Amino acid sequence: MSGERRWKFALSTRWLGYLGLLIVFAIACGFLSHWQFERRDERVSENARITGNFDREPVPIADELPTLDAFSIDQEWTPVLLQGQYLEEEQLLARSRPHNGLPGFEILTPLETSDGQVFVVNRGWIPTGDAQDSPDHVPAAPEGEVTVVARLKPGEPEIPGRSAPAGQIATIHLPQFAEALGADRVYTGAYGLLSAERPTAETGALTAKPALSEGNHLSYAFQWIIFAIIALLGLIFGLRAEYRERNPDDPKVRRALAKEQERAGRRGKTDAEIEDEILDRAGA
């Protein structure tokens, strides 16, 4: 029998179906692996921004954000310096903000600078109240002229269908502040995480310096590649096993079986094999 005819079974509907499943699985593994590589790259970039920006000396906000909508992700965590007055009556609470496993809010207080522009400052996290979906206590912002150092963060997109009661906001969507306070004077490219203010006042829990970590994304990426390779090897071994079963007269198959029997003889019989022989003799 020719080699082509011996392998003809591999073109059966069953094995072509296995091949199709393998291709789909390999493509899925490739996409998932690529996604994990991308997530690792994002973490590496985030670590670089934290390392390069978090501990910088504060610079005037006009130097860092020359226009109201200016912001680049490379500026994230950069400390900026502002002077002005808090507009506490325009303050909103960002809802559904977890912190150390607890639900709560973040205090978003607009700060009007001496030149009339408004920058939103996140004055920290506070917990949800004991008996209602609102905090029991909201720390008051200092009155009068203040000097503030805040670290830049990008605004958040609006989520359709998500609403919030009066005095609260579903996401830190800066255009919402612009609608209330005037689109021509509110910074909409970024807001700030409070780092320090003078005179000092009670705040919520302020954001600490994030830990630098790349996570497990690299190992997960290689795991998806390994899964695809294992699936390919499984298909190859399955084909090989069926070929040997269908073609016991093939010289290569006979030699392979002989080698396996020789190795089995050298290693001695296992307990299971000995037990099978005893049972066979007892049955005879």
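Rules used throughout
Residues numbered from 1 in each chain as written. Predicted model: local features only at pLDDT ≥ 70, side-chain atom pairs only at ≥ 80, totals over all residues. Heavy atoms only, no water. pLDDT = per-residue confidence, 0-100. Helix = DSSP H or I, 4+ residues; strand = E, 2+ residues; numbered from the N terminus. Phe/Tyr/Trp six-rings, centres within 6.5 Å; stacked < 30°, edge-to-face > 60°. Buried < 20%, exposed > 50% of the residue type's maximum accessible area, 1.4 Å probe, protein only. Lys NZ or Arg CZ within 6 Å of the ring centre and 35° of its normal. Axes fitted to C-alpha atoms, helices over the stretch in contact; angles between N-to-C directions. Parallel < 35°, antiparallel > 145°, perpendicular 65-115°, else oblique. Left-handed = near helix turned anticlockwise from the far one by under 90°. Nonpolar A, V, L, I, M, F, W, Y, C, P; charged D, E, K, R; others polar. Patch = residues over 30% accessible without salt bridge, like charges linked within 9 Å, V, L, I, M, F, W, Y side chains within 5 Å. Areas by Shrake-Rupley, 256 points an atom, 1.4 Å probe, with all protein chains shown as cover. Salt bridge = Lys/Arg side-chain N within 4 Å of Asp/Glu carboxyl O. Lys, Arg positive; Asp, Glu negative; His and termini not counted. Charge placed at Lys NZ, Arg CZ, Asp CG, Glu CD.

1. Let's talk about the confidence of the model for the protein chain
Part 1 of the reasoning: Summarising the model, the protein chain shows a mean pLDDT of 87, and 89% of its residues fall at 70 or more.
Part 2 of the reasoning: Of all the helices and strands in the protein chain, helix H1 (residues 3-6) carries the lowest mean pLDDT, 64, while strand E2 (residues 79-86) carries the highest, 96.

2. Structural notes on the packing of aromatic side chains
Part 1 of the reasoning: Counted by the stated rule, this structure contains 5 aromatic pairs.
Part 2 of the reasoning: Consider the rings of Phe54 and Trp77, whose centres lie 5.8 Å apart with planes at 50 degrees: the pair is tilted. Of this pair, Phe54 sits in the loop between helix H2 (13-53) and strand E1 (59-60) while Trp77 sits in the loop between helix H3 (61-64) and E2, and the two are 23 residues apart along the sequence.
Part 3 of the reasoning: Overall, the relative accessible area of 6% leaves Phe54 in the buried class.
Part 4 of the reasoning: Taking the centre distance of 5.5 Å and the plane angle of 90 degrees together, the rings of Trp224 and Phe227 count as edge-to-face. Pair noted here: Trp224 and Phe227 are both in helix H5 (residues 217-246), with a separation of 3 residues, about one helical turn.
Part 5 of the reasoning: Looking at Trp224, the relative accessible area reads 26%, which means it is partly exposed.
Part 6 of the reasoning: According to the relative accessible area criterion, Phe227 is partly exposed, its value standing at 37%.
Part 7 of the reasoning: The ring of Tyr86 is capped by Arg123, whose NZ or CZ atom sits 5.4 Å from the centre of that ring.

3. Looking at the packing of H2 against H5
The relative placement of two packed helices comes down to the angle between their axes together with the axis-to-axis distance.
Part 1 of the reasoning: One way to put it is that H2 packs onto H5 with a least axis distance of 6 Å and a crossing angle of 165 degrees. Comparing their axes, H5 and H2 come out roughly antiparallel. With respect to the hand of their crossing, H2 and H5 are arranged in left-handed fashion.
Part 2 of the reasoning: Here the contact of H2 with H5 is built from residues that sort into 21 nonpolar, 4 polar and 6 charged.

4. A look at a positive patch on the surface
Part 1 of the reasoning: A cluster of like positive charges, contributed by Lys252, Arg254, Arg255 and Lys259, occupies part of the molecular surface.
Part 2 of the reasoning: By secondary structure assignment, the location of Lys259 is in helix H6 (residues 251-267).

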